[in-house]
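Each chain, letter by letter, is given below.
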Amino acid sequence: MMELTNDHIPIHLTNLAQRYGSIYRLKCGKTTMVVLNSCDVIREALVKKWSDFAGRPISYTGDIVSGGGRNISLGDYTEQWRAQRRLVHSALQRCCQQSIHGVIERQALHLRKVLLDYQERAVDLSEDFTVAASNVITTLAFGKEYDKTSPELQKLHCCLNEIVALWGSSWISALDSFPLLRKLPNPVFARLLKEVARRDAIIKKHLNDYKSQNKINEDAITGFLLQGLEKQKSTECGELLTDVHVHMATVDLLIGGTETTAAWLNWTVAFLLHRPEVQTSVYEELCTVLEERYPKYSDRHRLPMLSSLISEMLRLRPVAPLAVPHRAIRDSSIAGYFIPKNTVIIPNLFGAHHDPTVWSEPYSFKPERFLKGGDGFTRCLLPFGGGARLCLGESVAKIELFLFTAYLLRDFQFVLPQGENSLPDLRGVASVVLKIKAYKVIALPRP
Ligand code: HEM
């Protein structure tokens, strides 16, 4: 029996792996969870035996935030879920081939202007990174940016943030473990219900606006999804998916696409303050290889320092450190241990990324390890999970991380505020997304 009071649960679970090995069981109330802590056991469950472990745990509060389990991230592995994921996957692939480069470039240039406007003052950039990431995903989803001219998108963003924060609180998770508590008044739960209703009203309005157009614009993801519903009606499967699936998939993309990218950028700047010489090498590489111009995603193979920095940050701070819990949908096994149906599986990606048998000095920030790492390293890097539940936004995220980092490091040198000798605290706070504690930085424009 143990109490998980640590702020940083992934580190705590990783430390337990040193005592109990790469796979162990935890009992949490009535639920038994199996925690996987190495690349090999995570791959065995998520990739090799994906069809045994593709389920999600079913929970009372999860059902409330996910429209009765009809979203992708919390929805269970069913025929409907597969159709929903396939449809959204096609929409995202289409974006990656067509519009995404231009959308990110515009946001990166806008971010540049915001940073220049600070005129070398010490600031916390987390909100600016959130706005940039949120603008990318809302532009892709709705064809509209979230700025002062679209207050309802701003409202939507605040509301989604609030839902993620409330859902992660112990006031809410207690309702899953102790059903009797559902009968008592709970102000936090009441707020969650209010925010879910607010979220649904805003998204519904957007989708209705779309539908009322004479011809649905398929360029934006929501347009593509609504068109997909229409097409499906004329196929043999009839109406497998409904408006609610499009609605909830939109929520998935907005939540998945904002805090993750923003948190990652905030981590990257903080680590670069700890090792300024890495910043210099990436900047020099960008100047030498690209001379005057900004990079394209297709330049990534010619920018090994930048690519190594991105891989190392994904290793050290996988922003979804415990992925999303999986559920065994039938009896199976991992590493020779019997795993009964319905066991909850926690892939500890943070643990796998700090496994000393794979990574030398696993807690050190050393992008250069990827310069000589080779394929073995790529196999052990699992920031997006794997198999049937692989992060749906992986391709979008990779392009975003690459372009935002390249634009920022080409245009600015990030330095500590004068007289401030304390570097940012790199331990972070883990809830669903692993975030860094607030810190201030100065962005000096490059000549
Ligand atoms: C799921 C990581 C960005 C959408 C996940 C999972 C991880 C992850 C670890 C859970 C996989 C599992 O359950 O095994 C990341 C990281 C990101 C990122 C590290 C960026 C640094 C994004 C973006 C989007 C997105 C930009 C949307 C455009 C999703 C969705 C799921 C998911 C919809 C649920 C997939 C499913 O359950 O089938 N992500 N993500 N993510 N992510 Fe991401």
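Structure first, text after, so check above.
Predicted model, so just to flag it, every value in this text is computed and none were measured.

## A closer look at helix α4 (residues 79-97)
Phase 1: When the terminal C-alpha atoms of α4 are compared, their 27 Å separation across 19 residues agrees well with the 27 Å that a helix rising 1.5 Å per residue should span.
Phase 2: For α4, the complete set of buried residues consists of Trp81, Ala83, Gln84, Arg85, Leu87, Val88, Ala91, Leu92 and Cys95.
Phase 3: The inward-facing, buried residues of α4 contact α5 (100-117), α6 (126-142), α10 (221-233), α11 (243-256) and α17 (394-411).

## Focus on the site of the ligand
Phase 1: Near the ligand you find 26 residues, and of these Arg56, Arg85, His326, Arg389 and Cys391 are the closest.
Phase 2: With respect to the ligand, the side chain of Arg85 contributes an N or O atom lying 2.6 Å from an oxygen atom.
Phase 3: Within the side chain of His326, one N or O atom sits 2.7 Å away from an oxygen atom of the ligand.
Phase 4: When contributions to the shell around the ligand are tallied by element, the ones reaching two or more residues are α4, α11 and α17.

## Notes on the nonpolar core
Phase 1: Counting residues in hydrophobic clusters, the biggest one holds 98 residues, and the most contacted among them are Leu140, Leu225 and Phe414.
Phase 2: Looking at this core element by element, the count peaks at eleven residues for α17.
Phase 3: Of all hydrophobic cores here, the second largest spans 21 residues; its members include Ile42, Ala45, Ile339 and Trp359.

## Some thoughts on the coordination of the iron atom of the ligand
Phase 1: There is one protein donor for the iron atom of the ligand, namely Cys391 (SG), at 2.3 Å.
Phase 2: Mapped onto the elements, Cys391 comes out in the loop between α16 (375-380) and α17.

## What about the packing of aromatic side chains?
Phase 1: For the structure shown, the criterion picks out twelve aromatic pairs.
Phase 2: Over the aromatic face of Tyr60 sits the side chain of Arg182, whose NZ or CZ is 4.0 Å from the ring centroid.
Phase 3: We note Arg300 situated over the ring of Tyr297; from NZ or CZ to the ring centre the distance is 4.0 Å.

Rules used in this analysis
- Residues numbered from 1 in each chain as written.
- Predicted model: local features only at pLDDT ≥ 70, side-chain atom pairs only at ≥ 80, totals over all residues.
- Heavy atoms only, no water.
- Helix = DSSP H or I, 4+ residues; strand = E, 2+ residues; numbered from the N terminus.
- Expected span 1.5 Å × (residues − 1).
- Buried < 20%, exposed > 50% of the residue type's maximum accessible area, 1.4 Å probe, protein only.
- Contact = heavy atoms within 4.5 Å.
- Near = heavy atom within 4 Å.
- Polar contact = N/O pair within 3.5 Å; in protein donor to acceptor, adjacent residues only side chain to side chain.
- Core = buried A, V, L, I, M, F, W, Y, C linked by side-chain atoms within 4.5 Å.
- Donors = N, O, S within 2.8 Å, 3.2 Å for Na, K, Ca; no water.
- Phe/Tyr/Trp six-rings, centres within 6.5 Å; stacked < 30°, edge-to-face > 60°.
- Lys NZ or Arg CZ within 6 Å of the ring centre and 35° of its normal.

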